[in-house]
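# Examining the three-dimensional arrangement
As a plain string of letters, each chain reads:
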Amino acid sequence: MGIVISLILIAFGAILTWAVDTSGGSVDPQVVGVILMVIGLVVFAISLVLWNTWWGPGFWYGGPGPHDEAVVRRRVYRPTVRRTTYVEEDRPPPAGPPAP
């Protein structure tokens with residue numbers, strides 16, 4: 001977001017510096033344009049310096065350092081549960097013990 005704002009400030013300052021032509025007034029638009037361009041350049045430089053910290057530590061580096069522990073991320077795959085269906089047929093009940 002800082003890069004976008006800095007580019008907008010630079011563009012608006014350039015418009016005020018080179019495209020606006022006024023001969024009167026208490027505020028000189030060329031001076032305001034130069035100030036906006038300088039502020040835009042400073043914000044752009046700060047954004048580039050802080051770009052590395054936006055993504056968290058270690059994003060742009062090849063991996064953990066010698067004193068850091070490696071982060072292991074594992075995916076857990078749970079197998080689907082198989083359902084067993086029992087079909088009961090119409091059979092006579094099993095024979096019991098013989099009658100005395």
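The rules we used
- Residues numbered from 1 in each chain as written.
- Predicted model: local features only at pLDDT ≥ 70, side-chain atom pairs only at ≥ 80, totals over all residues.
- Heavy atoms only, no water.
- Helix = DSSP H or I, 4+ residues; strand = E, 2+ residues; numbered from the N terminus.
- Buried < 20%, exposed > 50% of the residue type's maximum accessible area, 1.4 Å probe, protein only.
- Contact = heavy atoms within 4.5 Å.
- Areas by Shrake-Rupley, 256 points an atom, 1.4 Å probe, with all protein chains shown as cover.
- Expected span 1.5 Å × (residues − 1).
- Arc of directions from axis to C-beta.

With that settled, the discussion passes to the overall build of the protein. For the protein, the helix and strand inventory stands at three helices and zero strands. What you see in the protein, going N to C, is helices and strands ordered as α-α-α. Burial statistics for the protein: of 100 residues in total, 12% are counted as buried. The long-range fraction of contacts in the protein, counting pairs at least 24 apart against all pairs at least 6 apart in sequence, stands at 47%. Per element, the accessible surface of the protein, about 9600 Å² overall, is 64% carbon and sulfur.

The next subject is helix α2 (residues 29-49). For α2, with 21 residues, the first-to-last C-alpha span of 30 Å sits near the 30 Å given by 1.5 Å per residue. For α2, the full list of buried residues reads Pro29, Gly33, Leu36, Met37, Gly40 and Ser47. Looking straight down α2, one finds that the buried residues subtend no more than 105 degrees of arc, so they occupy a single side. Turned more than 90 degrees off the buried face of α2, the exposed positions are Leu41 and Val49.

Once that is clear, we can look at helix α1 (residues 2-18). With 17 residues, α1 should reach 24 Å at 1.5 Å per residue; the first-to-last C-alpha distance of 24 Å fits that figure. Every buried residue belonging to α1 is among Gly2, Ile3, Ser6, Gly13, Leu16 and Thr17, and all of these are buried. Along the axis of α1, the buried positions cluster into a sector of 155 degrees, meaning they face one direction only. Exposed and facing more than 90 degrees away from the buried side of α1 are Val4 and Ile8.

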